[in-house]
Amino acid sequence: MKKRPAQKRLTKAEKKERADFAAREDRTREMLKDQIDRAIALRSKEREFHGLNREFLFYQEDMLRQYGRAKDSKHPRDIGLAREEIVRKFLVDTGLLPARYAASDRSVRVASTTGHVSGELDILFYDPLDSVSLMRRENAFQVLPVESTYGTIQVKSKATRQDIRDGLKNIASYKRLRRISTEGWTVFSGRPKSKQGFGILFAFDTDLDWIDLLNEIKAFAQGKPKHLWCNAVFVLTKGFVLHGTEHRAAFLNDDISTITELQMHGHPDRTGLCFYDLYSILLDLLKNTDIQTPPVESYFQLPLVAGEHSYKYSMGQFAEFGTCETHGDFPRKLTEEKLVEVIEWCKSAEPINWIKATDIAYGKDGDNTEAYERQPGDVRIYNPDALPFSDILLMDHPVMRDGEQVNIKSLAFDSIETTGMNIWIPYVYEVTRGIINSCPKCEQKKRQGSAPTVTA
């Protein structure tokens with residue numbers, strides 16, 4: 001993993017410049033807050049409701065008071081649960097969100113049909129009508145399908161640099177989940193809705209200077225695909241931050257995807273309405289996110305995962321494990337590196353009918369066109385050394401006949417399905433190139449001598 005550069009030590013002039021900026025912001029905030037309070041006081045004498053302005057000022061003040069009380073908890077997890085409940089309460093219990101958007105009330109993760117699962121999410125917005133719970137453990141934990149989710153808010157208390165990195169990482173773990181595509185588009189404000197969920201990082205407070213906050217978010221985004229960037233970062237006592245270019249800021253996924261030269265846009269909260277800004281952006285993100293009924297049947301048995309990729313054995317669970325005479329059963333896996341190696345090689349390999357491939361391996365001409373048409377299905381055979389099929393697809397297998405042991409030719413490859421291809425991986429390459437692991441415990445002992453027998 002690439003290390004981040006050490007934080008630059010500020011000069012005295014830089015420290016003074018930042019202190020002066022903070023002092024100016026405090027004075028501006030106090031002046032504007034005083035004027036707003038006086039105007040609201042006069043309006044309130046005439047009528048009970050005169051706009052959301054006053055309500056959100058009250059909400060934000062109440063949130064900060066409740067957060068202050070929650071900090072008295074001694075256990076970090078209690079503080080975490082309390083801060084999440086505060087945000088959930090002011091978004092849901094106040095009736096601010098339409099009923100079509102449900103918010104999780106427990107620890108939740110999100111799964112995709114590719115087999116990938118997000119990190120633990122603090123608040124998840126999902127469809128309360130058509131969503132299903134893929135996994136539930138009492139009232140403590142559940143897993144939801146990505147197709148029925150809108151997005152997530154990760155909640156931090158007094159955010160440190162590490163808190164920001166952890167929160168952005170969890171958001172990325174959710175936003176990388178792929179959804180099964182559906183035909184057509186739904187439209188929001190004249191444009192197609194996003195097929196990807198959103199992620200917002202929220203903190204009640206931070207000791208970071210404004211410029212440090214912007215730089216930390218920018219450092220996380222640089223070098224990462226834009227579809228993994230968060231949609232916005234809010235700090236209730238300071239304001240919010242968006243990604244953008246020199247001339248515009250963006251928080252919708254489609255707009256973020258068009259950013260070329262990244263510049264961060266900071267919006268200091270000078271009027272005590274940061275919570276309203278969160279609410280406004282959240283509503284737009286919810287309206288702009290397309291959901292669908294989850295394909296429950298596709299979650300019955302998920303594929304195996306290797307980094308960003310996933311794969312499954314054509315023989316199903318029977319091929320997923322091997323048995324070591326010494327250590328018992330072990331999982332047979334491809335690492336991300338090896339799976340990518342196989343995929344990249346097979347992209348340029350010539351597809352061949354699976355019956356024809358076995359015919360050639362057994363020494364036949366491979367010209368039984370009628371049989372191949374009756375049993376269609378192309379495979380790609382991983383064969384980087386260009387060896388004859390008879391050498392890589394078959395092996396001698398001892399059997400007893402009439403009391404004597406004889407060798408017969410049997411198939412000697414694994415078949416996997418990945419990236420739209422059916423790939424045969426000969427056992428010989430699994431061993432010589434380490435494509436699929438053998439017993440992990442035996443592998444540690446190979447340098448010391450021979451290893452026990454392993455069967456697939």
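Structural notes, computed from the coordinates. All values reported here derive from a predicted model rather than from experimental measurement. (Residues numbered from 1 in each chain as written. Predicted model: local features only at pLDDT ≥ 70, side-chain atom pairs only at ≥ 80, totals over all residues. Heavy atoms only, no water.)

### What to know about the overall build of the chain
Alright, step 1. Broken down by element type, the chain carries 13 helices and 24 strands.
Alright, step 2. By the compact-globule yardstick of 23 Å for 456 residues, the chain is too spread out, its C-alpha radius of gyration being 29 Å.
Alright, step 3. Expressed as lengths along the three principal axes of its C-alpha atoms, the size of the chain is roughly 105 × 50 × 45 Å.
Alright, step 4. In the chain, buried positions account for 43% of the 456 residues.
Alright, step 5. For the chain, the computed accessible surface area is about 25500 Å², with 50% contributed by carbon and sulfur atoms.
Alright, step 6. When the 66 basic and 66 acidic side-chain charges of the chain are each reduced to a single mean position, those positions are 7 Å apart. (Helix = DSSP H or I, 4+ residues; strand = E, 2+ residues; numbered from the N terminus. Rg over C-alpha atoms; globule rule 2.2 N^0.38 Å. Buried < 20%, exposed > 50% of the residue type's maximum accessible area, 1.4 Å probe, protein only. Areas by Shrake-Rupley, 256 points an atom, 1.4 Å probe, with all protein chains shown as cover. Lys, Arg positive; Asp, Glu negative; His and termini not counted. Charge placed at Lys NZ, Arg CZ, Asp CG, Glu CD.)

### Details of the sheet that holds strand E23 (residues 421-426)
Alright, step 1. Pairing is mixed in the open sheet, where 6 strands are placed in the order E14-E15-E22-E23-E19-E18. On the outer flanks of this sheet lie strand E14 (304-306) and strand E18 (352-353), each paired with one strand and no other.
Alright, step 2. Relative to E23, strand E19 (residues 378-381) is paired through 2 bridges, and the arrangement is parallel. Paired with Arg380 across the strands is Ile423, a residue of E23.
Alright, step 3. This element, helix H8 (residues 336-347), spans E14, strand E15 (309-313), E19, strand E22 (413-418) and E23 of the sheet and lies at about 110° to E23. (Pairing = 2+ DSSP bridges. Contact = heavy atoms within 4.5 Å. Axes fitted to C-alpha atoms, helices over the stretch in contact; angles between N-to-C directions.)

### Re the packing of helix H1 (residues 12-46) against helix H2 (residues 52-70)
Alright, step 1. It is at 11 Å that the axes of H1 and H2 come closest, and there the two elements cross at 125°. By the angle between their axes, H1 is oblique relative to H2. The interaxial crossing formed by H1 with H2 has left-handed handedness. Of H2, the residues touching H1 (which contributes Lys33, Ile36, Ile40 and Ser44) are Asn53, Arg54, Leu57 and Glu61. (Parallel < 35°, antiparallel > 145°, perpendicular 65-115°, else oblique. Left-handed = near helix turned anticlockwise from the far one by under 90°.)

### Details of helix H5 (residues 210-221)
Alright, step 1. The terminal C-alpha atoms of H5, which comprises 12 residues, lie 17 Å apart, in line with the 16 Å expected from a rise of 1.5 Å per residue.
Alright, step 2. Turning to H5, the residues buried within the fold contact H1, helix H4 (161-175), strand E10 (232-235), strand E11 (239-244) and strand E13 (263-268). (Expected span 1.5 Å × (residues − 1).)

### Here's the deal with a nonpolar patch on the surface
Alright, step 1. Together, Val132, Leu134, Met135 and Val296 make up an exposed nonpolar region whose accessible area comes to about 260 Å².
Alright, step 2. Tracing the chain through its elements places Val132 in the loop between strand E3 (123-126) and strand E4 (135-137).
Alright, step 3. Classification of Val132 as partly exposed rests on a relative accessible area of 31%. (Patch = residues over 30% accessible without salt bridge, like charges linked within 9 Å, V, L, I, M, F, W, Y side chains within 5 Å. Salt bridge = Lys/Arg side-chain N within 4 Å of Asp/Glu carboxyl O.)

### Things to note about the environment of Ile256
Alright, step 1. With respect to the element layout, Ile256 can be found in helix H6 (residues 253-256).
Alright, step 2. Along the backbone, Ile256 and Leu282 are 26 residues apart, and their C-alpha atoms lie at a distance of 16 Å.
Alright, step 3. Those residues within four positions of Ile256 in sequence are excluded, and the remaining contacts are Lys226, Trp229, Cys230, Asn231, Ala250 and Phe251.

### A word on the nonpolar core
Alright, step 1. Phe125, Phe202 and Phe275 are the most contacted members of the largest nonpolar core, which has 42 residues in total.
Alright, step 2. Sort the elements by how many residues they give to this core and helix H7 (residues 274-287) lands first, with 9 residues.
Alright, step 3. The residues touching Phe275, leaving out its near neighbours within four places in the chain, are Phe56, Tyr59, Gln60, Met63, Phe90, Leu91, Leu96 and Leu236. (Core = buried A, V, L, I, M, F, W, Y, C linked by side-chain atoms within 4.5 Å.)

### A short note on the pairing of strand E5 (residues 141-145)
Walk down a regular strand and you will see the side chains alternate between the two sheet faces.
Alright, step 1. Within E5, 4 of the 5 residues are buried, which leaves it mostly tucked inside the rest of the structure.
Alright, step 2. Looking at chain direction, strand E2 (residues 107-111) and E5 are connected through 5 bridges and run parallel. Note on E5: the bridge partner recorded for Arg109 is Val143.
Alright, step 3. As paired strands, E4 and E5 are joined by 3 bridges and run antiparallel to one another. Bridging from a neighbouring strand, Met135 pairs with Val143 of E5.
Alright, step 4. The hairpin turn running from E4 into E5, its antiparallel successor, is 3 residues long, and Glu138 in that turn takes a positive phi close to 55°.

### Thoughts on the packing of aromatic side chains
Alright, step 1. Applying the stated criterion across every chain yields a total of 17 aromatic pairs.
Alright, step 2. Consider the rings of Phe56 and Tyr276, whose centres lie 5.0 Å apart with planes at 80°: the pair is edge-to-face. Taken together, the positions of Phe56 in helix H2 and Tyr276 in helix H7 put the pair 220 residues apart, joining distant regions of the chain.
Alright, step 3. The class of Phe56 is buried, set by a relative accessible area of 0%.
Alright, step 4. Using a relative accessible area of 33% as the deciding quantity, one classes Tyr276 as partly exposed.
Alright, step 5. Arranged with centres 4.9 Å apart and planes meeting at 85°, the rings of Tyr101 and Tyr150 form a pair that is edge-to-face. Of this pair, Tyr101 sits in the loop between helix H3 (76-93) and strand E1 (102-103) while Tyr150 is found in strand E6 (residues 149-159), placing the two residues 49 residues apart along the sequence.
Alright, step 6. Classification of Tyr150 by relative accessible area gives buried; the value is 6%.
Alright, step 7. An aromatic cluster of at least three residues, connected via ring pairs, comprises Phe56, Tyr59, Phe90, Phe275, Tyr276 and Tyr279.
Alright, step 8. Above the ring of Phe220, the side-chain terminus of Lys224 is found at 4.2 Å from the ring centroid. (Phe/Tyr/Trp six-rings, centres within 6.5 Å; stacked < 30°, edge-to-face > 60°. Lys NZ or Arg CZ within 6 Å of the ring centre and 35° of its normal.)

### Describing the pattern of salt bridges
Close approach of charged atoms allows side chains of opposite charge to pair.
Alright, step 1. Scanning the entire structure with this criterion turns up 19 salt bridges.
Alright, step 2. Residues Glu55 and Arg54 are paired through a salt bridge, measuring 3.1 Å at the closest nitrogen-oxygen approach.
Alright, step 3. Among the salt bridges present, the one from Lys364 reaches Asp359, with a minimum N-O distance of 3.9 Å.
Alright, step 4. Here Lys364 falls in the exposed class, since its relative accessible area comes to 53%.

### Quick look at the environment of Phe220
Alright, step 1. Mapped onto the elements, Phe220 comes out in helix H5.
Alright, step 2. Placed 22 residues apart in sequence, Phe220 and Leu242 show a C-alpha to C-alpha distance of 13 Å.

### Quick word on H4
Given 3.6 residues per turn, any residue in an α-helix points the same way as the ones three and four places further on.
Alright, step 1. Spanning 15 residues, H4 covers 21 Å between terminal C-alpha atoms, matching the ideal 21 Å at 1.5 Å per step.
Alright, step 2. Restricting attention to buried positions, one finds in H4 the residues Ile164, Gly167, Leu168, Ile171, Ala172, Ser173, Tyr174 and Lys175.

### Description of the state of the cysteines
Alright, step 1. In total, this model carries 0 disulfides according to the counting rule given.
Alright, step 2. Sulfur of Cys324: no disulfide; nearest cysteine sulfur belongs to Cys442 and is 3.5 Å away. (Disulfide = S-S within 2.5 Å.)

In short, geometric facts, not functional conclusions.
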